[in-house]
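What follows is the residue order along each chain.
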Amino acid sequence: TQLLEQSPQFLSIQEGENLTVYCNSSSVFSSLQWYRQEPGEGPVLLVTVVTGGEVKKLKRLTFQFGDARKDSSLHITAAQPGDTGLYLCAGVRDMRFGAGTRLTVKP
Amino acid sequence: ETGVTQTPRHLVMGMTNKKSLKCEQHLGHNAMYWYKQSAKKPLELMFVYNFKEQTENNSVPSRFSPECPNSSHLFLHLHTLQPEDSALYLCASSQEGRDYGYTFGSGTRLTVV
């Protein structure tokens, strides 16, 4: 089982601020995914990263996969209250998830 | 509509009750999963089914019994549960062998009293 550590565990910021959350492991992943989960709902897939060093953008969200494919980051620019939620990373092949970063964006 | 439907959304049951959770997917996926999400723990993978065959049982107590009659339906039968089993139970599906990710249902919020 490949363990995924996410940091920070909690993050509370004001609307308009930028932030970065991290997903780290000592193991190499063939691919890694990021999900967002809102209260009372299941996680929703945001992106899949496959290639070491890969950068993907989804509007104000930028995802990066580490060169060694052991870590990933999610950067949000000009956060909005609608970005509030639990951000989870997951190793695709072993179907395991990190504990997540709970983000709160205050208006 | 996420494509994965779970019922019921909420369930309160006593420790001596027997109940079942239902999951249905209309995405044509061939793999289905049960996850448990507790307040202070990461998502825990419970069971995996590929083409209706169970391929993983993650050391789950026997009071949880999965059933997958076909590739579109997945059940979790519950009996003699404990209060610590209270959690959000999530069903997911995926197309095995492709990195398309998992599509989750909205979950069943289970409370054991």
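That block above? That's the structure.
Throughout this description, residue numbers start from 1 for each chain and increase along the sequence as written. Chain letters and ligand numbers both follow the written order, the letters beginning at A and the numbers at 1. This being a predicted model, a pLDDT of at least 70 is required before a residue's local features are given, and a value of 80 or more before pairs of side-chain atoms are given or counted; all residues contribute to the totals for chains, interfaces and linings. Processing note: side-chain calculations cover all non-hydrogen atoms of the structure and skip hydrogens and water entirely.

Caption draft 1: Spatial organisation of the packing of aromatic side chains. Residue and element names in this part refer to chain B. The pairing test for Phe, Tyr and Trp rings, Trp by its six-membered ring, is centres within 6.5 Å, and the orientation test on the planes gives stacked under 30 degrees, edge-to-face over 60, and tilted for anything in between. The final tally for this structure, using the stated rule, is 10 aromatic pairs over all chains. Consider the rings of Y35 and F104, whose centres lie 5.7 Å apart with planes at 50°: the pair is tilted. In this pair, Y35 sits in strand β4 (residues 31-37) while F104 sits in strand β10 (residues 103-104), placing the two residues 69 residues apart along the sequence. There is no split in this pair, since Y35 and F104 are both buried. For the purposes of this entry, the term helix denotes a DSSP run of H or I that reaches at least four residues, the term strand denotes a run of E that reaches at least two, and both are numbered from the N terminus. The rule is simple: take the accessible area with a 1.4 Å probe, protein chains only, and divide by the maximum for that residue type; under 20% is buried, over 50% is exposed, in between is partly exposed.

Caption draft 2: Spotlight on the sheet that holds strand β8 (residues 73-79) of chain B. Residues and elements named next belong to chain B. Two strands are counted as paired when DSSP detects at least two bridges linking them. Sheet architecture is open: 4 strands sit in the order β1-β3-β8-β7, paired in antiparallel fashion. Two strands in the sheet have a free side with no partner beyond their single neighbour: β1 (4-7) and β7 (64-70). Across the sheet, the mean angle separating the axes of adjacent strands is 15° when strand polarity is ignored. For β1 and strand β3 (residues 18-25), the ladder comprises 4 bridges, and the chain directions are antiparallel. Looking across to β3, one finds that T7 is bridged to K22. Axis geometry follows a simple rule: fit a line to the C-alpha atoms, using only the stretch in contact for helices, then measure angles between N-to-C directions, giving values from 0 to 180 degrees.

Caption draft 3: Spotlight on the state of the cysteines. Cysteine sulfur pairs qualify as disulfides if the two atoms are within 2.5 Å. Following the criterion strictly, the structure yields 2 disulfides over all chains and no others. A sulfur-sulfur distance of 2.0 Å marks the disulfide that ties A:C23 to A:C89. Disulfide A:C23-A:C89: the torsion about the S-S bond is 80°, which places it as right-handed. Of this pair, A:C23 sits in strand β3 (residues 19-24) while A:C89 sits in strand β9 (residues 85-91), and the two are 66 residues apart along the sequence. With respect to class, A:C23 is no different from A:C89; both count as buried. Between the sulfur atoms of B:C23 and its disulfide partner B:C91 the distance amounts to 1.9 Å. Here the S-S torsion is close to -70°, and the disulfide linking B:C23 with B:C91 is therefore left-handed. Here B:C91 lies in strand β9 (residues 87-94) and B:C23 lies in strand β3, a separation of 68 residues in the sequence. Assessed through its relative accessible area of 0%, B:C23 is described here as buried. Classification of B:C91 as buried rests on a relative accessible area of 0%.

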